[in-house]
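Each chain, written out:
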Amino acid sequence: MTVLFADVVRSMEIAASLGPERLHQVMTELVSRSVAVVEHYGGTVDKFTGDGIMALFGAPITLENHAFRACLAALELQQVARSLAVEVAHRDGIDLQIRVGLNSGRVITGEVGATHLGYTAVGAHVGMAQRMESVAPPGGVMLSESTARLVEDRVVLGERETVHIKGFATAVPARRLLAADLEHRRKARGDSRLVGRQSEKDAVAELVDRAGRGEGTIVAVTGRPGVGKTRLVRESVATASSRGFEVFVTYCESHTRDVPFHVISRLLRAVFGIVGLAGEEARARVRSQIPEAGAEDLLLLDDLLGICDSGCPDISPDARRRRLVNLINAVSLARPGPAIYIVEDAQWIDSVSESLLSDFAAAVPRMRATLLVVYRPEYSGTLSRLPDAHLFTLAPLSDSHIAELIKGLLGEHPSVRGLSMVIADRAAGVPFAAEEIVRDLAERGELEGDPGACVCVREVRDIHVPASLQAIIGARIDRLSATAKRTLHAAAVIGAQFDTELLGSVLDSTPDSMDVAPLIETALVEQIAFTPHATYAFAHPLIQMVAYESQLKAGRSELHRRVAAVLQRTQGGFTGQQAAVVATQYAAAGDLRDAFDWHMQAATWYGARDIRAARKSWQQALRVADRLPLDEPDRLTMRIAPRARLCGTAFQVGGTPADTGFDELRALTTAAGDKKSLAVGMAGHLTTLTFNAHHQEAAGMASEFATLVESIGDPAMTVGLFYAAAQAKWEAGAASESMRLAQRIIDIADGDPTMGSLVIRSPLANAIAVKGAAGMSLGRPGWRDDLEEGVVLARSVGATTRPFVQLYKYAAATQNGAVLPDAQDVAQAAETLEVAQRSANNTAVAYALLNRATTLIHTDSDERSAGFEFLAKAREIFVDEQLIVALRRMSDIEIARERARSGDLDGAIELATAVIVEQFDTGEMIFRGPATTVLVEALLSRGSTADINDAERAIDRLAAVPTEPGFVLHELPVLRLRALLACAHGDEAGYQQFLERFRAKAQEADFEGYLAQAQAMA
Ligand SMILES: Nc1ncnc2c1ncn2[C@@H]1O[C@H](COP(=O)(O)OP(=O)(O)OP(=O)(O)O)[C@@H](O)[C@H]1O
Ligand SMILES: [Mg+2]
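What counts, and at which threshold
The numbers attached to residues start from 1 for each chain and follow its sequence in the written order. Chain A is the first chain written and ligand 1 is the first ligand written, with later ones labelled in order. Reporting in this predicted model follows two pLDDT cut-offs: at least 70 for local features of residues, and 80 or more for side-chain atom pairs to be given and counted; totals over whole chains, interfaces and linings ignore these cut-offs and use all residues. No hydrogens and no water enter the side-chain calculation; it runs on all heavy atoms of the structure. Numbering of helices and strands runs from the N terminus; a helix is a DSSP stretch of H or I covering at least four residues, while a strand is a stretch of E covering at least two. What makes a residue near a molecule or strand is one non-hydrogen atom of that residue sitting within 4 Å of it. Under the rule applied, a polar contact is a pair of N or O atoms within 3.5 Å (in protein, one hydrogen donor and one hydrogen acceptor; residues adjacent in sequence only if both atoms are side-chain atoms). Per-residue and other accessible areas follow the Shrake-Rupley method at a 1.4 Å probe size, with only the shown protein chains counted as cover for residues. Classes in brief: Ala, Val, Leu, Ile, Met, Phe, Trp, Tyr, Cys and Pro nonpolar; Asp, Glu, Lys and Arg charged; the others, Gly included, polar. pLDDT expresses how confident the predictor is about each individual residue, on a scale running from 0 to 100. Should any heavy atoms of two residues lie within 4.5 Å, those residues are considered in contact. Between 30 and 60 degrees the pair is tilted, below 30 it is stacked and above 60 it is edge-to-face, where a pair is any two Phe, Tyr or Trp rings, Trp via its six-membered ring, whose centres lie within 6.5 Å. Only protein chains enter the accessibility calculation, which uses a 1.4 Å probe; a residue whose area is less than 20% of its type maximum is buried, one above 50% is exposed, and one in between is partly exposed. Look at NZ for Lys and CZ for Arg. If either is within 6 Å of the ring centre and within 35 degrees of the ring normal, a charge sits over the ring. Any carboxyl oxygen of Asp or Glu within 4 Å of a side-chain nitrogen of Lys or Arg constitutes a salt bridge here. Expected helix span is computed as 1.5 Å times (number of residues minus one). Structural elements are reduced to axes, namely lines fitted to C-alpha atoms, with helices fitted over the stretch in contact, and the angle between N-to-C directions of any two is expressed from 0 to 180 degrees. In these notes the angle categories are as follows: under 35 degrees is roughly parallel, over 145 is roughly antiparallel, 65 to 115 is roughly perpendicular, and the rest is oblique. The handedness criterion is simple: a crossing whose near helix is rotated anticlockwise from the far helix by less than a right angle is left-handed, and one whose near helix is rotated clockwise is right-handed.

**Overview of the environment of Gln-1015**
Here is step 1: The topology assignment puts Gln-1015 in helix H44 (residues 1008–1017).
Here is step 2: Once the C-alpha coordinates of Gln-1015 and Leu-995 are considered, the two residues, 20 residues apart in sequence, prove to be 9.3 Å apart.

**Side note on the site of ligand 1**
Here is step 1: Every one of the 23 residues lining ligand 1 counts as a neighbour, but Lys-229, Thr-230, Arg-376, Glu-435 and His-540 are closest to it.
Here is step 2: At a separation of 3.3 Å, an oxygen atom of ligand 1 approaches a polar backbone atom of Val-227.
Here is step 3: Here ligand 1 has 630 Å² of accessible area as a free molecule, and 98% of this is covered by the chains.
Here is step 4: Where the shell around ligand 1 is concerned, the elements lending two or more residues are helix H8 (229–242) and helix H16 (431–443).
Here is step 5: Its residues assigned to classes, the shell around ligand 1 comprises eight nonpolar, five polar and 10 charged.

**So, the confidence of the model for the protein**
Here is step 1: Scored by pLDDT, the protein has a mean of 87; 95% of the residues are at 70 or more.
Here is step 2: Here residues 109–120 scores under 50 on pLDDT; set against residues more than four positions off or in separate chains, the count is 18 contacts.

**Considering the packing of aromatic side chains**
Here is step 1: Applying the stated criterion across every chain, the model contains 14 aromatic pairs.
Here is step 2: With a centroid separation of 5.2 Å and an interplanar angle of 80°, the aromatic rings of Tyr-341 and Phe-360 are classed as edge-to-face. Separated by 19 residues along the polypeptide, Tyr-341 in strand E10 (residues 339–344) and Phe-360 in helix H13 (residues 351–363) bring together distant segments of the chain.
Here is step 3: Given a relative accessible area of 2%, Tyr-341 falls into the buried group.
Here is step 4: A residue is classified by how much of its surface remains accessible, and Phe-360, at 5% relative accessible area, is buried.
Here is step 5: Here a set of aromatic residues connected by ring pairs shows up, and it is made of Trp-730, Phe-804, Tyr-808 and Tyr-847.
Here is step 6: Across from the ring centre of Tyr-251, 3.7 Å away, lies the NZ or CZ of Arg-266, which sits over that ring.
Here is step 7: Directly above the ring of Phe-920 sits Arg-928, whose terminal nitrogen or CZ lies 4.3 Å from the centroid.

**Quick look at unusual backbone geometry**
Here is step 1: Phi is positive for Arg-10, close to 50°, though the residue is something other than glycine.
Here is step 2: The topology assignment puts Arg-10 in the loop between strand E1 (2–8) and helix H1 (11–18).
Here is step 3: A positive phi angle is found at Asp-750, which is not glycine, with a value near 50°.
Here is step 4: Within the fold, Asp-750 resides in the loop between helix H31 (735–749) and helix H32 (763–777).

**Description of the pattern of salt bridges**
Side-chain pairs of opposite charge can arise whenever the charged atoms involved come near each other.
Here is step 1: Considering all chains together, one arrives at 57 salt bridges under this definition.
Here is step 2: With a shortest N-O distance of 2.6 Å, Arg-953 and Asp-950 are connected by a salt bridge. Note that Arg-953 and Asp-950 are positioned in helix H41 (residues 945–959) at a spacing of three residues, about one turn of the helix.
Here is step 3: One salt-bridge network, in which partners are shared between bridges, spans Glu-436, Arg-439, Asp-440, Glu-443, Arg-444, Glu-446, Arg-458, Arg-476 and Arg-479.

**Here we look at helix H22 (residues 553–570)**
Here is step 1: End to end, H22 covers 26 Å across 18 residues, agreeing with the expected 26 Å (1.5 Å per residue, within 8%).
Here is step 2: Among all positions of H22, only Arg-556, Ser-557, Leu-559, His-560, Val-563, Ala-564, Val-566 and Leu-567 are buried.

**What to know about the packing of H1 against helix H2 (residues 20–40)**
Here is step 1: Interhelical geometry of H1 versus H2 gives an angle of 125° and a closest axis separation of 6 Å. As judged from the angle between their axes, H1 and H2 are oblique. Contacts between H1 and H2 involve Ile-14, Ala-15 and Leu-18 on the former and, on the latter, Pro-20, Arg-22, Leu-23 and Val-26.
Here is step 2: Class assignment of the residues belonging to the contact of H1 with H2 gives a composition of six nonpolar, no polar and one charged.

**Details of the packing of helix H37 (residues 864–880) against helix H38 (residues 885–901)**
Here is step 1: Where H37 meets H38, the closest approach of the two axes is 9 Å, and the angle between their N-to-C directions is 145°. The interaxial crossing formed by H37 with H38 has left-handed handedness. Two secondary-structure elements touch here, H37 through Arg-864, Phe-868, Leu-871, Arg-875, Phe-878 and Val-879 and H38 through Leu-887, Arg-888, Ser-891, Asp-892, Glu-894, Ile-895, Glu-898 and Arg-901.
Here is step 2: Residue composition of the contact of H37 with H38, grouped by class: six nonpolar, one polar and seven charged.

If you want it as structure tokens, here you go:
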């Protein structure tokens, strides 16, 4: 058995500065995490020493490899202590470190109690372990001679040293434990000694070093399968961990590339050290590492890690993303020690993880960290194009290197010389191929002797070497016993890594009757964890691929079905990722109905968290539904459901009318007589049309849509979807129709602010504001009260609705001279922006920025320039996310006006002209007045005859736009501009006449902005 002793360095000092209460807290945390580690490796905590623990491996329960397990536990204890130290350093300004010592020896039998060992049983061993602990360096692990001997071929040890221990006369030998060894792995697998790649290895190691000095680095490694990417990365970072780097690895798999968040959440589980932990325990561990994180942020993180026990907070997907990225970056930036983050096989990464990791990468240069991304050449996603990345493209090994590698595998017996050449030829510079060929030959008995000292027993020309790597691996798999082969097949269906529990359930057998051992012996698979269940990994992705593809389809489908069923049975609640994995398994099994249901379930889970992820799941569901046999009774319904959701949400991700799939949806829903799904989809399509400035088409469709929704006769649906029609009509200038539709929502909702909150949180608040905006367009009495009421109501219903509803007042009404923002408006827009940044989607943030900008620009405040900064940010989001084109143009109008103000008349005229051209092309009706105003004023200021003529033409053009009776948004600016034009012509009487008409009209319509201008002009 092996005794482990772990103790806090300088515990007295720490106790003194922490105070009893905090000390208790810290020690309890350290001890409970340590106990978990010890138990993880099969050890037992024997006692607590006050400032440390003593644990036993191999007693009272006999344990294979007790010394090795104790070493792994010791290394992980150091890791645990390091992560706790982060928190303690942060909070208490104290450097928390532990020392660990190990010693092995035989237990005197007969003295061992059932659960607790008498001290005498192990006393001598304990003493030595304790001494080892006392001489270990802070943060280090020291092994006694006896332990070192048991593990020396499996771990990395420091030089043998002779240590003097206080109170003991004789010095004793000891060795430092540096790392769990790669070399051991290499030997166990019969891998080859590293050849070549020295310059790459050095270069990567240097980049890692640089990161250690605080200049974060990004490394990308690419090259064909089996060429040595993973090996290079492992070799380059091997020594880093013994120098205090923490290494976190995540990997991507081909079958989970459509499971959003999969890869990032695996990486974060490693970072927070919660692999294998669940619920309460995992949450506690996360919290202890980021004590300063806000409660809401923590819930978001729990949700991402799949350890949430309550509902997720009501925060939009974009805000979640922003906050998670900030949180992840903050956590990584705050790590006191250096770290390496490895993403393996990025060619199979899911898109959500990809984008989160890209955001993370942007912050890496400021961290003491290296981000290492490994991928095959076919990958061209964002992680292959990270700015500042150092790219290593691994070519096949040179002839001499591959010859050297083969020599290492075969040895130098004369009989193998000819064979070496054949192998080198077949391997074509790919080391993995060389290794597999040699393994194949050894298994076939063509080679005899030990690895590295082989003898070839036949003539080379009589030896067949399969041409392809796949064929070689296939042949090796074929030689397995039936049970082993079946085990391997099931494993390949589960994934790159698998544990005995799941494997056992899938194979319907006890773990004992599965045959994993031959898979390990043949180096097809390797063990990567011991507890709680033995966990294995395929030695190489190609092996998994061949094991997967070489199965008969029927058998494989059956395995997929079983995996799906077992996952379905054994998991409690389902996160979106888990549901998506189950769905993928069912889809591979050909169980399309089940696959469909699980994809839809995943989408529902993602819906509130990340609309892009939800859309991925709907797309998968759609594909599955389309593959259903024609006689499947619900085929049509199933084809419709995901399409309706995709069409309904396209505008949320910057979709264009061509992306919504509306025509197909219309055809399918018509065939099925499914009006509801058509209505859901059409609402989204309508909004997409409006957002993309297809105003006339949108207005036309809005009438059809309104009739359709009314014919369904579902009040909540009418309230929830009608906004799309009301909005489309308003923007197309059909103000009274817009008012009518808005009034319909108001009547049905009957005061209930959240009735029908399918797409927008408060259709009622929105409808009241739209009614106000449409009323304003017609100068109808009461519009101001409506706008105000809408804004007030929206205030109480959430961060996303608020800025949207405010747009009508702060952007549209202000720019059109109807509202003059006051100090209270400025404050409200500021507050709304703050709230939006915390929890709303990017779109809402853009709206809030625009509102903030216009309130500042249109108040005579000294914050005008700040206003333009907000405006620039808003505009950037409108462009990046392809949001409402009219609002991008609206920002341009403000910019043009400011250009004129600062004397850049040419620039103002150019920009305003471009805006007006687009407005007339698209049929947009709300902002032509302000755009024409900017243009005409700038032309008049420039003042050439041609300019004055152009100004007149611009006014005439606006005046000639057909409008419905009473529409004042054009009439008012036309009157005002005609007055200015008269002035430019020196026609004082004309000026006074138009000015008076303008003033009277502005008064009648209650446009306070224009009224103020009229007064200024008098
Ligand atoms: N330079 C080298 N010297 C000796 N052995 C090597 C070398 N490069 C790779 N190998 C061995 O070849 C095998 C395949 O290498 P590795 O797994 O790194 O390939 P890879 O490029 O990551 O492939 P994939 O794209 O399939 O993941 C491993 O067993 C590895 O140990
Ligand atoms: Mg690899």
